[in-house]
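Spelled out, the chains give:
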Amino acid sequence: MSSLLVMPLRAGGPSVLRIAATSSRRAPALCLAGLHTSSIARTPPAPSAAPKNAASSSSSSAAADATTSALSHEGRGSEGAHYNDKTEADISALIATDKAGGWTLMNPIYTESDLDSVKVVYREPQTITDATIRNMVRLTKWTFDKVTGYKGTHITPDHLKSSTIEQLREKGDLLSDKAWLKRIIFLESIAGVPGMVGGTLRHLRSLRLLRRDGGWIHTLLEEAENERMHLLTFMTVARPSWLTRAVVLGAQGVFYNLFFLTYLITPKTAHRFVAALEEEAVRTYTHCIEDVERGLVPEWSDKPAPQIAIDYWRMPEDASLLDVIKAVRADEATHRFVNHSLANLDQKHDFNPFALGEPAPEIRGTIPGFTREESAKYANETQQKLLGAAKEQQEKQS
Ligand SMILES: [Fe+2]
Ligand SMILES: [Fe+2]
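Predicted model, so just to flag it, every value in this text is computed and none were measured. (Residues numbered from 1 in each chain as written. Chains lettered and ligands numbered in written order. Predicted model: local features only at pLDDT ≥ 70, side-chain atom pairs only at ≥ 80, totals over all residues.)

> Please explain the overall build of the chain as it appears in this structure.
The helix and strand tally for the chain stands at 16 helices and two strands. Evaluated residue by residue, the chain yields a buried proportion of 39% over its 398 residues. (Helix = DSSP H or I, 4+ residues; strand = E, 2+ residues; numbered from the N terminus. Buried ≥ 20, exposed ≤ 12 C-beta atoms within 10 Å, placed from the backbone.)

Right under this line is the structure:
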């Protein structure tokens, strides 16, 4: 039976924490169990779902086995929750939630204060590559604004005294509901690409090198699905023209291939680029939220949330479209945080610190990301919590 060691490790300078199973396989530098948040909440394996070798052991060794298998990257569950890990009650809960968005991967559920805690923040560039990426993203945004005739003016009470909303829209100072949707549909159709590309490439790397991935794939695929859900949500209120559809089609062809090559050559740069895009996405949605709250998009003042959004974010039935936009912004802040944090890691050897769970929304929404050392500290703390919870669960069962 393998044992679980928690020990400080110095790897390439900064001190990182390492959890290693004493087995013959090599452990990556920043080792984490790839347990998923959903598995943290639901996984404690029932006796019937425990591994066969544990079932035949004494109760204390079974408990130790289950703890090890729950947390070790060598054990089951390290690529995420499996339906076999669930108790009967968990399965009933899963079936019950199937009517309300249970078909999706893990996704966040926010409180009102989570939604309002999101801030527009930017990570200060620390290298020439960082600065180049930021300038590239800003140039792209500037070009996009010019092409769509949008000036991004901050509307003051004076503007509203001298012009109507309709006039401000005609001058390009204010976006109409349709213009917001056009912009959002285009951006979300692009935003859904990176997570899938990164997830695919890491999946293929795991296959061809016959190695575990370290928990990155699920987080990246969740991001891709999260972005696609943004798109599908807004599609319930949008009617994109053939021109918008054509632009989306062409942009995907170009962006997919460019991002694929970038991720293949330098995944760190790819994550930094996504994080920079997400910084702008948070700013754009914050602008949109302010416009709606100030009554500058009157079509959306009392608009209810689409059912798909209520199901996906588990919102109350009387939620509004404004609540949905706030949830989307909180998701974008999470992407900003996760991608900056991932960009700070050793792409080949570090485990994904968020495979075990993600920091609270107030953290994800207010800082650009974790440094590598902060990621290691967070991962270690999460592991300790999980170890404690798994032991507690086993003690209850024995
Ligand atoms: Fe999005
Ligand atoms: Fe995003």
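> What should I look at first to understand the environment of Gly 369 in this one?
Its location among the elements puts Gly 369 in the loop between α15 (361-364) and α16 (372-397). Assessed through the 21 C-beta atoms surrounding it within 10 Å, Gly 369 is described here as buried. Residues Gly 369 and Asn 344, 25 residues apart in the sequence, show an inter-C-alpha distance of 8.7 Å.

> I tried to follow the nonpolar core on my own but got confused; where do I start?
Buried together is how nonpolar side chains tend to be arranged in soluble globular proteins. Within the largest apolar cluster, 60 residues are counted, with the highest numbers of intra-cluster contacts made by Ala 309, Val 324, Ile 325 and Ala 327. Mapped onto this core, the elements with two or more residues apiece are α9 (177-209), α10 (216-235), α11 (242-265), α12 (267-293), α13 (307-312), α14 (321-343) and α16. In this structure, Ile 325 is in contact with Tyr 285, Cys 288, Ile 289 and Val 292, ignoring residues within four places of it in sequence. (Core = buried A, V, L, I, M, F, W, Y, C linked by C-beta atoms within 7 Å. Contact = placed C-beta atoms within 7 Å.)

> How do you make sense of α16 when you look at a structure like this?
The α-helix advances 3.6 residues per turn, and as a result positions three or four apart in sequence lie on the same side. Given a rise of 1.5 Å per residue, 26 residues ought to cover 38 Å, and the 37 Å separating the end C-alpha atoms of α16 matches this to within 8%. Every buried residue of α16 is listed here: Arg 372, Ser 375, Ala 376, Tyr 378, Ala 379, Thr 382, Gln 383, Leu 386, Ala 390 and Gln 394. (Expected span 1.5 Å × (residues − 1).)

> Could you clarify how one ought to interpret the packing of α12 against α14 in this entry?
A pair of packed helices is captured by two measures, namely the crossing angle of their axes and the spacing between those axes. At a minimum axis separation of 8 Å, α12 and α14 run at an interaxial angle of 160°. Classed by the angle they form, the pair α12 and α14 counts as roughly antiparallel. Along this stretch, α12 crosses α14, giving a crossing that reads as left-handed. Taken together, the residues of the contact of α12 with α14 break down into 14 nonpolar, five polar and eight charged. (Axes fitted to C-alpha atoms, helices over the stretch in contact; angles between N-to-C directions. Parallel < 35°, antiparallel > 145°, perpendicular 65-115°, else oblique. Left-handed = near helix turned anticlockwise from the far one by under 90°. Nonpolar A, V, L, I, M, F, W, Y, C, P; charged D, E, K, R; others polar.)

> Any chance you could explain the packing of helix α6 (residues 128-147) against α12 here in plain terms?
Where α6 contacts α12, the two axes come as close as 9 Å, and the packing angle between them is 45°. With respect to α12, the axis of α6 lies oblique. In the crossing of α6 with α12, the sense of the turn from one axis to the other is right-handed. Between α6, through Thr 129, Asp 130, Ile 133, Arg 134, Val 137 and Lys 141, and α12, the contact on the second element is made entirely by Thr 269, Arg 272, Phe 273, Ala 276, Leu 277 and Glu 280. Of the residues in the contact of α6 with α12, the class split is five nonpolar, two polar and five charged.

> Is there a simple way to explain the confidence of the model for the chain in this structure?
Residues shown with low pLDDT carry predicted positions that ought not to be read at fine detail. Predicted confidence across the chain gives a mean pLDDT of 80, with 74% of residues reaching 70 or more. Mean pLDDT values for the elements of the chain range from 31 in strand β1 (residues 4-10) up to 97 in α14. Below a pLDDT of 50 lies the segment residues 1-29, which in the model reaches 57 contacts outside its immediate sequence neighbourhood of four places, other chains included. Predicted confidence for residues 66-86 stays below pLDDT 50, and this span has 69 contacts to residues more than four positions away or in other chains. (pLDDT = per-residue confidence, 0-100.)

> Before we go on, may I ask you to explain unusual backbone geometry in this structure?
With the exception of glycine, most residues fall at negative phi, and the peptide bonds are largely trans. Although it is not a glycine, Leu 210 adopts a positive phi angle of roughly 55°. Within the secondary structure layout, Leu 210 lies in the loop between α9 and α10. Since 6 C-beta atoms lie within 10 Å of it, Leu 210 is described here as exposed.

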